[in-house]
Amino acid sequence: MSLAVQIARNGGPEEMKLVDVDVGAPGPGEVRIRHHAIGLNFIDVYQRTGLYTLPMPLNLGMEGAGVVEAVGDGVQHLQVGDRVAYASNPPGSYSEVRVMPAIYVCQLPDSIDFETGAAMMLKGLTAQYLLRQAKPAEGLHAGDFVLFHAAAGGVGLIACQWAKALGLRLIATAGSAEKCQLALANGAEVAINYRTENFAERVKDITGGKGVKVVYDSVGKDTWDGSLQCLRAFGLMVSFGNASGPVPPFAPAILAAKSLYVTRQGLFTHLRSREACQAMANDLFAVVGSGQVKIHIAQRFALSEVQAAHRALEARQTTGSSILLP
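Parameters at a glance
- Residues numbered from 1 in each chain as written.
- Predicted model: local features only at pLDDT ≥ 70, side-chain atom pairs only at ≥ 80, totals over all residues.
- Heavy atoms only, no water.
- Core = buried A, V, L, I, M, F, W, Y, C linked by side-chain atoms within 4.5 Å.
- Buried < 20%, exposed > 50% of the residue type's maximum accessible area, 1.4 Å probe, protein only.
- Helix = DSSP H or I, 4+ residues; strand = E, 2+ residues; numbered from the N terminus.
- Contact = heavy atoms within 4.5 Å.
- Polar contact = N/O pair within 3.5 Å; in protein donor to acceptor, adjacent residues only side chain to side chain.
- Pairing = 2+ DSSP bridges.
- Axes fitted to C-alpha atoms, helices over the stretch in contact; angles between N-to-C directions.

Asks: Any chance you could explain the nonpolar core here in plain terms?
Replies: One recurring pattern in soluble globular proteins is that nonpolar side chains are buried together. Counting residues in hydrophobic clusters, the biggest one holds 58 residues, and the most contacted among them are M120, L125, F148 and Y216. Of all the elements, helix 2 (residues 114–132) adds the most residues to this core, at eleven residues. Excluding residues within four positions of it along the chain, Y216 makes contact with L130, L131, A134, L140, V146, L147, F148, H149, V238 and F240.

Asks: Is there a simple way to think about the environment of D217 in this case?
Replies: With respect to the helices and strands, D217 occurs in strand 12 (residues 212–217). The class for D217 is buried, based on a relative accessible area of 1%. Measuring from C-alpha to C-alpha, the distance between D217 and V238 comes to 6.1 Å, with 21 residues separating the pair along the chain. The contacts of D217, once residues within four sequence positions are left out, are H149, T223, W224, S227, M237, V238, S239, F240 and G241. At a separation of 2.7 Å, a polar atom in the side chain of D217 contacts the side chain of T223.

Asks: Explain the sheet that holds strand 13 (residues 231–239) here, please?
Replies: Two strands in a sheet stick together by hydrogen bonds in their backbones, pointing the same way (parallel) or opposite ways (antiparallel). If you walk across this open sheet you meet the six strands as 11-10-9-12-13-14, and the pairing is parallel. Only two strands of the sheet have a single neighbouring strand rather than two, namely strand 11 (190–193) and strand 14 (261–264). Averaged over all pairs of adjacent strands, the angle between strand axes in this sheet comes to 15°, irrespective of strand direction. Bridge count between strand 10 (residues 169–174) and strand 11: four bridges; the pairing is parallel. Looking across to strand 11, one finds that I171 is bridged to V190. Along the sheet, helix 4 (residues 177–185) contacts strand 10 and strand 11; its crossing angle with strand 11, the most-contacted strand, is approximately 165°.

This is the structure we're talking about:
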């Protein structure tokens with residue numbers, strides 16, 4: 001048996017209950033993992049509220065780190081006792097122990113502790129595909145301007161550092177002066193407080209009227225229109241979240257004036273195979289291991305405090321990464 005956070009219906013944080021679940025042995029292609037730390041992400045909120053619809057009852061959580069307890073038939077890359085980390089479907093990481101597909105589970109280098117592993121996989125792999133794979137038609141090169149919303153969050157702080165390592169000129173937005181300072185301290189060239197400044201006008205000034213090659217936007221509804229204004233000709237709008245609500249329907253003709261590209265990205269499409277998952281993880285492990293990217297864990301909650309953790313996340317009271325400790 002294992003303790004796990006489960007919901008029986010969609011709703012607020014109060015729907016999350018700590019329950020006993022029967023874990024069992026891993027089947028073919030699966031492993032059983034005992035968690036040492038668990039990642040907290042906005043996708044967990046989307047699944048809890050029903051923005052992303054999943055069958056009930058639902059065990060929440062997409063990210064964790066721990067030790068392999070058992071290995072099912074056919075699993076070649078893992079063995080009992082391995083230190084591992086993952087970001088993966090199906091949900092279920094808010095737990096002491098779980099069984100899951102081995103395809104998405106990666107060996108964690110000895111130089112990276114469990115808390116860092118749990119805090120970085122989903123956010124770090126997201127930053128990886130954004131900066132390394134979701135590129136505009138003209139490509140991304142050192143010296144190019146990009147705009148990154150919610151840059152003081154878990155994905156944002158990793159992206160600020162990684163963009164600087166790549167030579168990109170990242171313009172950050174955040175919702176307070178303190179969060180702007182945090183983005184600057186982590187490699188952003190400029191930070192804009194979108195609560196007190198018009199970010200589209202500021203981006204125009206910063207880029208000499210040219211605009212940015214890419215906008216990375218996990219905020220959604222509140223930043224959509226302004227983000228399109230920030231793009232240069234043939235620029236790319238990368239939507240990868242809906243923190244303020246889903247983007248309303250729009251007419252494609254609004255893209256024509258600057259021949260813009262729009263894409264809605266998701267991590268789990270990029271993690272389409274064992275090889276793709278490992279290659280992305282290796283890229284992440286390399287920049288973290290080299291010290292070019294540091295993982296900021298600003299909030300720690302016990303698994304039993306998961307309701308408080310979600311309330312803090314939804315109220316945008318968190319910075320960097322948050323983890324749950326079983």
